[in-house]
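Observations on chain architecture
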Amino acid sequence: MPHPVEELTSPSSWALVEDKFSPFAKETLAKVIAFVIDECLPASKIAHAQLPADPVKRWNTVLPVVEELKTKAKRQGLWNLFLSKAHYPAFGVPLTNLEYAVMAEILGRGGQIAQEAMNCSAPDTGNMEVLARYGSPEQQKKWLVPLLNGEIRSAFAMTERFVASSDATNIRTSIRREGDEIVINGHKWYISGAGDPRTKLHLVMGKSDAANQNTHAQQSIVIVPADAPGVTVVRPMRVFGYDDAPEGHCEVIYENVRVPLDNIVYGWGKGFEIIQGRLGPGRIHHCMRCIGVAQRALDTMIQRVTDPSRKTFGKYLYEHGTVVSDIAKSRAEIESARLLVLSAALQIDRVKAKGALKEIGIAKFIVPSMALQVVDRAIQAFGAEGVSQDQDLAQAWAGLRTLRLADGPDEVHIQQIGQRELKRAPGLARQAAEIKKREAELMKRHGVKAHL
């Protein structure tokens, strides 16, 4: 009997990875699919209705329907699926990155509420990985365990206002030791999760040794309680007009915030090492969710253009212009991107994130742009409704466009991949010289001269 994932992704891509899935992973994937389709998608409009329009109340609201979904998901064992036991033996679930990558595509279909319902939503996922890998036993007991249980939420504070933060060595936030305390001063913005009333901690990156000649050893990460004196959430930042309440993406000021020395994560000067470990798997999770968003947009588009009630000039929409071509291009682009991300996830399992930097980097600048194209075509098929609040497409487009900046802008990844490719030049030159030499020997032996 075919696995239900074939219908939602493709039989060919599933055939490539099926033998790498454990029986547990196959069963969990089937449960994820059923949970997203039967529980999360029908609850989407309820969640939207439960979020108050009032600009104050919306930031103090925990959506009842999401809490209900969390209880159901936990009961079914659909919880913390992103955290692989292979990499985090003490806290993880028995899933590989490849196995979770396919599940992440299904979560992408279900939107934010599906991800939160299974405790698999950013920025908590990355923060849990940081604490699981780099946190002290005390930090894990105080902060990680409640995050794993879904009792609290968190924020990751890196991007700064007035600073070109795509180059993380530019970060200006000060983290300094004063006696038996750490003092933090800085001005951050677009800090995801900082608006949520359940957020209890911020992981803050700043400079702790600005004079260090190694620019990648100047930074540290410190745990800051969200209610610590001196932490001020200035305002929620909008993304193409969306505020993404109640989590939000906030401007935050840290003014003479004091925390215990024990709140430093992993050690002084380890900030860059931590963020590289944090971002690798997270980027692949983002990319796979993007594919889920794109697939759902394509499905929605197909329903729209084959709807008899939407005929124009006596024809179905698919009978006009380039609609069929747009559908075909979207299908081809989704299939290509999925294989790219699956290969990156497999490489992470084989050699960890550091050994998969090429695959991760390529996926990061290819996949969100692909998904944007697919969603844009769907919007075009819907006309004015496509850019309205009556469809999910406009908000999906806004989120995807943001991903071309989040976790490093496209240009940074493109530059890194290009530079990596250029390093192959000496080897290619040697190979070409060897071929040329062999070519000359063969011509001499056969007594012929080249005509080219």
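Throughout what follows, the structure given in this document is the object of discussion. (Residues numbered from 1 in each chain as written. Predicted model: local features only at pLDDT ≥ 70, side-chain atom pairs only at ≥ 80, totals over all residues. Heavy atoms only, no water.)

**Some remarks on the overall build of the chain**
A count of helices and strands for the chain gives 13 helices and 7 strands. Over its C-alpha atoms, taken along the principal directions, the chain stretches across nearly 85 × 65 × 45 Å. Within the chain, the fraction of its 452 residues that count as buried is 48%. Counting contacts in the chain only where the partners sit at least 6 residues apart, residues at least 24 apart contribute 73% of the total. Summing over all exposed atoms, the chain offers an accessible surface of approximately 22000 Å²; the carbon and sulfur share of this is 55%. For the chain, the distance from the average position of its 57 positive side-chain charges to the average position of its 51 negative side-chain charges is 6 Å. (Helix = DSSP H or I, 4+ residues; strand = E, 2+ residues; numbered from the N terminus. Buried < 20%, exposed > 50% of the residue type's maximum accessible area, 1.4 Å probe, protein only. Contact = heavy atoms within 4.5 Å. Areas by Shrake-Rupley, 256 points an atom, 1.4 Å probe, with all protein chains shown as cover. Lys, Arg positive; Asp, Glu negative; His and termini not counted. Charge placed at Lys NZ, Arg CZ, Asp CG, Glu CD.)

**Observations regarding the side chain of N80**
Residue placement: N80 occurs in the loop between α4 (64-75) and α5 (97-117). The class for N80 is buried, based on a relative accessible area of 7%. Here L148 takes part through its backbone oxygen, which lies 2.9 Å from a polar atom of the side chain of N80. When sequence neighbours within four positions are dropped, the list of residues in contact with N80 reads V93, M118, N119, C120, M128 and L148. (Polar contact = N/O pair within 3.5 Å; in protein donor to acceptor, adjacent residues only side chain to side chain.)

**A closer look at the pairing of strand β3 (residues 181-192)**
In this sheet, β3 lies alongside strand β2 (residues 174-178) in antiparallel orientation, the contact comprising 5 bridges. For R177, the partnering residue across the bridge sits in β3 and is I182. Where β2 folds back onto β3 in an antiparallel hairpin, the turn is made up of 2 residues, including G179, whose phi is positive at roughly 65 degrees. As paired strands, β3 and strand β7 (residues 249-260) are joined by 9 bridges and run antiparallel to one another. Bridge pairing in β7 places H187 opposite I253. (Pairing = 2+ DSSP bridges.)

**Focus: helix α11 (residues 393-403)**
Looking at α11, one finds that the buried residues are L393, A394, A398, L400 and L403. Residues of α11 that are buried sit in contact with α8 (271-305) and α10 (357-382).

**Let's talk about the nonpolar core**
In terms of nonpolar packing, the biggest core is built from 102 residues, with L29, M118, V367 and M370 touching the most fellow members. Here the element with the most residues in this core is α8; it accounts for 13 residues. Among the nonpolar cores identified, the runner-up in size contains 18 residues, and I175, I191, V204 and V222 belong to it. (Core = buried A, V, L, I, M, F, W, Y, C linked by side-chain atoms within 4.5 Å.)

**A word on the packing of aromatic side chains**
The final tally for this structure, using the stated rule, is 5 aromatic pairs. Aromatic side chains Y316 and Y318 sit 5.4 Å apart centroid to centroid with 25 degrees between the ring planes, which places their arrangement in the stacked category. Assessed through its relative accessible area of 23%, Y316 is described here as partly exposed. One Lys or Arg, R278, reaches over the ring of F156 and ends 4.0 Å from the middle of that ring. K311 extends its terminal NZ or CZ atom over the ring of Y316, reaching a point 4.6 Å from the ring centre. (Phe/Tyr/Trp six-rings, centres within 6.5 Å; stacked < 30°, edge-to-face > 60°. Lys NZ or Arg CZ within 6 Å of the ring centre and 35° of its normal.)

**With respect to the packing of α5 against helix α9 (residues 323-355)**
Contact pair α5 / α9: the axes reach a minimum separation of 8 Å and the direction vectors enclose 145 degrees. Every pair of crossing elements has a handedness; the one defined by α5 and α9 is right-handed. Touching N97, L98, A101, V102 and E105 of α5 are R338, L342, A345, L346, I348 and D349, all from α9. Of the residues belonging to the contact of α5 with α9, the class tally is 7 nonpolar, 1 polar and 3 charged. (Axes fitted to C-alpha atoms, helices over the stretch in contact; angles between N-to-C directions. Left-handed = near helix turned anticlockwise from the far one by under 90°. Nonpolar A, V, L, I, M, F, W, Y, C, P; charged D, E, K, R; others polar.)

**Observations regarding the pattern of salt bridges**
Any two side chains of opposite charge can pair, so long as their charged atoms come close to each other. The full count for this structure, using the stated rule, is 31 salt bridges. For R153, the salt bridge is made with D196, and the minimal N-O distance between the two is 3.8 Å. Here R153, found in strand β1 (residues 153-157), pairs with D196, found in the loop between β3 and β4 (199-207); they are 43 residues apart in sequence, far enough to count as distant. As far as the burial class goes, R153 and D196 line up, both buried. (Salt bridge = Lys/Arg side-chain N within 4 Å of Asp/Glu carboxyl O.)

**Re the environment of H202**
Note that H202 resides in strand β4. For H202, a relative accessible area of 1% gives the class buried. Among residues more than four places away in sequence, those in contact with H202 are A155, A194, V222, I223, V224, A226, V231, V252 and Y254. Of the polar contacts made by the side chain of H202, one reaches the side chain of Y254; its length is 2.8 Å.

**Some words on the packing of helix α3 (residues 23-50) against α4**
Packing of α3 against α4 leaves a shortest axis separation of 8 Å and a crossing angle of 160 degrees. In terms of axis orientation, α3 runs roughly antiparallel to α4. Here α3 and α4 pass one another in a crossing that is left-handed. Contacts between α3 and α4 involve F35, E39, C40, A43, I46, A47 and Q50 from the former and P64, V65, L69, K72 and A73 from the latter. (Parallel < 35°, antiparallel > 145°, perpendicular 65-115°, else oblique.)

**Focus: unusual backbone geometry**
Following A122, the chain continues into P123 via a peptide bond in cis, with omega recorded as 0 degrees. Relative to the elements of secondary structure, P123 occurs in the loop between α5 and α6 (124-134). In this chain, A245 is followed by P246 through a cis amide linkage whose omega measures 5 degrees. For P246, the position within the fold is in the loop between β6 (231-236) and β7. Despite not being glycine, F240 has its phi angle at roughly 55 degrees, a positive value. Considering the arrangement of structural elements, one finds F240 in the loop between β6 and β7. The class of F240 is exposed, set by a relative accessible area of 53%.

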